[in-house]
Amino acid sequence: MRFLLVEDNRELAASVAARLALDGHGVDQAHTLAQAADCLACAGYDLILLDITLPDGDGRDFLARHRRAEHQTPVIVMTARSAVSDRVDALDTGADDYITKPFDFAELEARCRAVLRRRGGAAQTLRRYADVVFDPLAATLSVGDDLRDLRSREMRLFELFVSAPGRILSKEHLCDRLFSFSEPVSDNAIEVYVGRLRKKLAGSRARIETVRGLGYRLTEA
Amino acid sequence: MTARRAPSLRRRLVVQLLALAAVLAVLLFAAVRFSAERASEATLDAILGAATIAMAEEIRSAEGGAVIDLSPGTFSMLAAMGDERIFYRVNLGAATLTGYDDLPLPEAVPAALAPMFYSTPYRDTQVRIAAVSRSLRIDNRPATLLVLVGQTRAGQSAIAQGLANRAAAVGLVVFLLAVPLSLLAADNLLRPIARLAAAVGRRGPHDLRPVRAATPAELVPLVVALNSFIARLRGTLAQTETFIAEAAHHIRTPLAVMRTEAEMALHHSGDEATRARLRRLIRAVDDSARSAGQLLDHATVLYRADQQTPAEVELGALALALIERFRPTAEMKDMRLTLVPAAVALWVHGDAVLIEAALRNLIDNAIKYSPAETEVTLTLAAQAGQAVIRCRDHGRGVAGARLEALTSRFQRGPNVGDVAGSGLGLTIVSEAMAAMGGDFALDAAEGEGTCATLSLPLRAA
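For clarity, every value in this text was computed on a predicted model and none was experimentally measured. Per-chain numbering applies: the sequence of each chain, read as written, is numbered from 1 onward. Labels follow written order: the first chain is A, the first ligand is 1, and so on. Since the coordinates come from a predicted model, pLDDT governs what is reported: local features require at least 70, and pairs of side-chain atoms require 80 or more to be given and counted, while whole-chain, interface and lining totals use all residues. The basis for every side-chain value is the complete set of non-hydrogen atoms in the structure, without hydrogens or water.

Colleague: So what's going on with the overall build of chain A? Residues and values would help.
Modeller: A helix here means a DSSP run of H or I that spans at least four residues, while a strand means a run of E at least two residues long, and both kinds are numbered starting from the N terminus. Per the secondary structure count, chain A includes 8 helices and 13 strands. Across the 221 residues of chain A, 56% fall into the buried class. Throughout, a contact is declared for two residues whenever any of their heavy atoms are within 4.5 Å. Put simply, 55% of the contacts in chain A that link residues at least 6 apart link residues at least 24 apart. Each residue is placed in one exposure class: buried if its accessible area under a 1.4 Å probe, protein chains only, is under 20% of its type's maximum, exposed if it is over 50%, and partly exposed if it falls in between.

Colleague: Talk me through the confidence of the model for chain A; I want residue IDs and the actual numbers.
Modeller: For every residue, the predictor reports its confidence as pLDDT, a number between 0 and 100. When pLDDT is averaged across chain A, the result is 87; 93% of the residues are at 70 or more. Ranking the helices and strands of chain A by mean pLDDT puts strand E2 (residues 26-30) of chain A first, with 94, and helix H4 (residues 83-93) of chain A last, with 59.

Colleague: Mind laying out the nonpolar core, listing which residues take part and the relevant values?
Modeller: All names here are of chain B. To qualify as a nonpolar core, a set must consist of buried Ala, Val, Leu, Ile, Met, Phe, Trp, Tyr and Cys residues joined through side-chain atoms within 4.5 Å. Core analysis: the biggest nonpolar cluster contains 43 residues, and Leu359, Ile363, Leu378, Leu380, Phe440 and Leu454 have the highest contact counts within it. Sorting elements by how many residues they give to this core places helix H7 (residues 352-368) first, with 9 residues. In contact with Leu380, other than residues within four places in its own chain, are Leu315, Gly316, Ala319, Leu339, Val340, Pro341, Ala342, Leu346, Val388 and Ile389.

Colleague: Requested: an account of the interface of chain B and chain A, with residues and values cited.
Modeller: Accessible area lost upon the coming together of the parts is a frequently used measure of interface size. Each partner contributes to the interface: chain B provides 45 residues, whereas chain A provides 46 residues. Summed over both partners, the accessible area (1.4 Å probe) lost when two parts come together is defined as the buried area. Between chain B and chain A, a total of about 4300 Å² is buried, with carbon and sulfur atoms accounting for 55% of that surface. The term salt bridge refers to a side-chain nitrogen of Lys or Arg lying within 4 Å of a carboxyl oxygen of Asp or Glu. At the junction of chain B and chain A, the tally comes to 7 salt bridges. A salt bridge links Arg275(B) to Asp176(A); the shortest N-O distance between them is 2.8 Å. Within 3.5 Å is the distance limit for a polar contact, defined as a pair of N or O atoms, with the added protein rule that one can donate a hydrogen and the other accept it, and that residues adjacent in sequence qualify only through two side-chain atoms. Between chain B and chain A we count 18 residue pairs in polar contact (both at pLDDT 80 or more) in total. At the level of secondary structure, the elements contributing two or more residues to the side of chain B that touches chain A comprise helix H4 (220-268), helix H5 (272-306), helix H6 (315-332) and H7 of chain B. Per-element accounting of the side of chain B that touches chain A gives the leading share, 17 residues, to H4(B). In this count, Pro and Cys sit with the nonpolar residues alongside Ala, Val, Leu, Ile, Met, Phe, Trp and Tyr, while Asp, Glu, Lys and Arg are called charged and the others, Gly among them, polar. In terms of residue class, the side of chain B that touches chain A is made up of 19 nonpolar, 7 polar and 19 charged.

Colleague: Can you break down the side chain of Thr407(B) residue by residue, with the values?
Modeller: Residues and elements named next belong to chain B. Relative to the elements of secondary structure, Thr407 occurs in the loop between helix H8 (403-406) and helix H9 (425-435). With relative accessibility at 16%, the residue Thr407 sits in the buried group. Contacts of Thr407, omitting those with residues within four sequence positions, involve Leu426, Thr427, Ser430 and Phe440.

Colleague: Could you give an account of empty space enclosed by the protein, naming the residues involved and the relevant values?
Modeller: Definitions used throughout: a 1 Å grid over protein atoms alone; a cavity as a set of points that fits a 1.4 Å probe which cannot get out; a pocket as an open set with protein on both sides within 12 Å along at least five of seven lines; a lining residue as one with an atom within 4 Å of a point. Grid points are joined across faces, edges and corners, and a volume is the space filled by probe spheres set on the points. Scanning the model with the defined rule gives 3 cavities of 30 Å³ or more in all. The computed volume of the largest cavity comes to approximately 970 Å³. Lining the largest cavity are 37 residues, with Glu107(A), Arg290(B), Thr329(B), Asp364(B) and Lys368(B) sitting closest to its centre. Broken down by secondary-structure element, the contributors of at least two residues to the lining of the largest cavity are H4, strand E7 (97-100), helix H5 (105-118) and helix H6 (152-163) of chain A together with H4, H5, H6 and H7 of chain B. Residue contributions to the lining of the largest cavity peak at 6 residues, all from H5(B). Its residues assigned to classes, the lining of the largest cavity shows 12 nonpolar, 7 polar and 18 charged. What counts as a domain boundary in this text is fixed by an automatic or database domain assignment. The residues that make up the lining of the largest cavity include at least three from each of domain 2 (218-307) and domain 3 (309-461) of chain B. For the second largest cavity, the calculated volume is near 420 Å³. Lining of the second largest cavity is provided by 30 residues; of these, Asn365(B), Tyr369(B), Val398(B), Leu426(B) and Leu442(B) occupy positions nearest its centre.

Colleague: Give a description of the state of the cysteines that names residues and reports values.
Modeller: All names here are of chain B. Note that a disulfide, as used here, is simply two cysteine sulfur atoms within 2.5 Å. A full pass over the atoms with the stated rule returns 0 disulfides over all chains. In this model Cys391 remains outside any disulfide bridge; the closest cysteine sulfur is found in Cys451, 7.9 Å from its own. The exposure class assigned to Cys391 is buried, which follows from its relative accessible area of 3%.

Set out below in structure tokens:
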């Protein structure tokens, strides 16, 4: 996906951009509302991540202008201000959702997916591996004509594999991406989800191999 | 500390009104007495004068002197004076013709037939004397005839005394009537002050609207001063809110950088010991972010409770928006969030931000403390004039902890395990509900899990 990140704190902007790039997203950074307007004029984005406090104005005013100009790009507001009233304000101004800093990227992704799903989705999100067509937005796998629903964690797990086909992913790495850091996770949790994913992949040429002592990898039979 | 008390306005007012009433009563007494005496004296003088004139006219000159021939009319006039004693003296020139020759003469000779009146002590009593002069020709020489008729005024002074007594009684009655009237007047006059005090006193501890009660012009400066004080207080509180927002900004932005960097480092690090450290770091960041968030939310909720701007809120729409908001969060744990809407719109009178804060904390808790792939159900209903929201989860429950304990600040249940939390969530819920006259209950749900119930009075249809 292509993001426009409007955030005046350059350190945070750089971090967030790098983190999103890690998941294979393209990110343009704007540090002021003026830059954001320039970016929007030149390129199309799947999603705008908008900070509220910016040096040349309030993100909510920008949002209101954006909506008045009938731009359809969904907006997720990143708020660092006192949550209670800001949240309400942001949604009233036309944001699709908001997320409070600091945020869990898994949550950000979940919110992006939810927003895109609500907005009718972006067509380019379909991904293919072997004979499997994967739609992360709809959380489905199709093998031939057989459409299989994935639960959220199964979907996210498969997304990790599809993003790095053939690479060995350690249990810890998968755990870090799949579970929240403040959530107790049992040792065999990953095995459970890998087991389920294998069932969903049954009948396809995609395989999740166990590499003893190292982790798992996605291969094509 | 009690302020030094200035004399009561009411007492001052009553004392002054009563003093005024007393002065008026005395004046009334004096005036009644004076005019009554005057009136009776004038009446008696008129009769005395008429009798004296009649007497003077009935004196005729005779050879070498004068003849007095008193007619019955004159006598009856004198007799009409009641039990008073009568003295008379008729002088022709310097000689006393008849009567009491020691009856005091007037200081000047009265003019013709216009009687001159004067009071003087005579013998052992006080007499009122009318003196009339008349010219006679006796033996062809002019002579001045002086007729004096004196009269005691015992009856009159008795009457005057009676009148004075009555006047005193009237004065007293006026004074006595003035007592309740002045009390009434004082109360009446002071009522606007009492009303203002009641209007201010009736306010809740957090009501900071300016005072708008109708006040008499004299109290306007007081109300203006009070309102400017309230405005200053509001200003201070508003600064507090701005401060809360700023504080949040300054805490959260670096935390966000820290968390993102730590996640990146975790991603790139292959060393398991370092990775464990980074995980702990991220957890700590999450904890502090959550605590900071809850503290600031709590402060905001307290501030909003102070500043409530109640509006009509429809709980159905609010709950639906929240459920949509939490759906991605629940989805991350493969949890299902279900909303069972009420059959009717649930309009309540309250602060949407407070209701949202309460409900958000409940749903957040329900998701946080439930295992993956369970269900959280939000049920809305109207029951006995109350809008009721039930949030039911299949989580770990509260292990019998009492609601009062769980809603105390920084208190957490005995079974929270390693789930991150600040111990403020339920405090926020109960404070928000209390601020709006609502109710919050937490029960063990049938089977397993918890059922949290919020109720708010439905707006009267």
